[in-house]
Amino acid sequence: MIIRFFCDKDNHELIFVKGQYNYMYGCPKYYKSYRKYKERPCLNNISYLEKQLVSKKINETYLNNELTIGSNLSIDSRIYTVMAIFEEEIFVSVKKEGIYYEDEQIISNQNVV
């Protein structure tokens with residue numbers, strides 16, 4: 001089963017990138033090339049290891065026939081919600097707590113590079 005992760009804010013699939021300290025999956029809208037002029041960067045991301053852990057838990061739940069659309073899983077500061085279940089794929093949205101979406105802008109206490 002393939003599990004694909006999407007940003008909760010803009011529904012873009014998270015991409016594999018090298019972060020400051022390790023590898024992670026982040027929203028493409030973190031990078032200027034994916035944003036509109038003056039659009040703030042999206043800070044939604046998950047670590048490589050957390051993605052593996054979440055994928056394992058979701059897959060186990062699926063194999064036990066307990067996974068439904070709308071199922072939630074909360075780990076650390078992120079909420080994972082099952083958006084869709086297909087024959088070979090599961091789509092999961094990622095919402096990072098501490099990032100607030102107001103008027104299509106992101107407000108966070110994190111520094112942006």
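Because the structure is predicted, anything quoted here is derived from the model rather than measured. The residue numbers shown here count from 1 along each chain, following its written sequence. For a predicted model such as this one, the threshold for reporting local features is a pLDDT of at least 70, and the threshold for listing and counting side-chain atom pairs is 80 or more; totals across whole chains, interfaces and linings nevertheless cover every residue. As a rule here, side-chain values come from all non-hydrogen atoms in the structure, and water together with hydrogens is ignored.

## Remarks on unusual backbone geometry
So, step 1. Positive phi is not limited to glycine here, since asparagine 11 has a value of about 65°.
So, step 2. The phi dihedral of asparagine 65 is positive, around 60°, even though this residue is not glycine.
So, step 3. In this text, helices come from DSSP runs of H or I with a minimum length of four residues, and strands from runs of E with a minimum of two, each type numbered from the N-terminal end. Within the fold, asparagine 65 resides in the loop between helix 1 (48-63) and strand 5 (72-75).
So, step 4. To sort residues, take the accessible area from a 1.4 Å probe on protein chains only and compare it with the maximum for the residue type: under 20% means buried, over 50% means exposed, and anything in between is partly exposed. Residue asparagine 65 is classed as exposed on the basis of its relative accessible area of 73%.

## Concerning the pattern of salt bridges
So, step 1. What counts as a salt bridge is simple: a side-chain nitrogen of Lys or Arg found within 4 Å of a carboxyl oxygen of Asp or Glu. Inspection of every chain in the model, using the stated rule, returns four salt bridges.
So, step 2. As a salt-bridge pair, glutamate 13 and arginine 4 come within 2.8 Å of each other at their nearest N and O atoms.
So, step 3. Owing to a relative accessible area of 24%, arginine 4 belongs among the partly exposed residues under this scheme.
So, step 4. Here glutamate 89 ties to arginine 4 by a salt bridge, and the two come within 3.2 Å at their closest N and O atoms. With glutamate 89 in strand 7 (residues 89-96) and arginine 4 in strand 1 (residues 2-7), the pair connects residues that are 85 residues apart, well separated along the chain.
So, step 5. Exposure remark for glutamate 89: the relative accessible area of 22% places this residue in the partly exposed category.
So, step 6. The network of salt bridges with shared partners includes Arg4, Glu13 and Glu89.

## Examining the sheet that holds strand 4 (residues 45-47)
So, step 1. Spatial strand order, 2-3-4: three strands in an open sheet with antiparallel pairing. The strands lining the two open edges of the sheet, one partner per strand, are strand 2 (15-18) and strand 4. Taking each pair of neighbouring strands and ignoring which way they run, the sheet shows an average axis angle of 35°.
So, step 2. Pairs of strands are assigned from DSSP output, requiring at least two bridges between the strands. In terms of strand pairing, strand 3 (residues 23-26) meets strand 4 through three bridges, oriented antiparallel. Opposite glycine 26, over in strand 4, you have asparagine 45 as the bridge partner.
So, step 3. Sheet strands touched by helix 1: strand 2, strand 3 and strand 4. Its angle to strand 4, the strand with the most contacts, is close to 85°. Note on geometry: axes are lines fitted to C-alpha atoms, helical ones only across the stretch in contact, with angles between N-to-C directions running from 0 to 180 degrees. In what follows, residue pairs with any heavy atoms lying within 4.5 Å of each other are defined as contacts.

## Topic: the side chain of lysine 51
So, step 1. Looking at the secondary structure, you find lysine 51 in helix 1.
So, step 2. Asp and Glu are treated as the negative residues and Lys and Arg as the positive ones, with His and the ends of the chain left uncounted. Despite its burial, lysine 51 pairs with no opposite charge; the closest candidate is glutamate 13, at 7.5 Å N-O.

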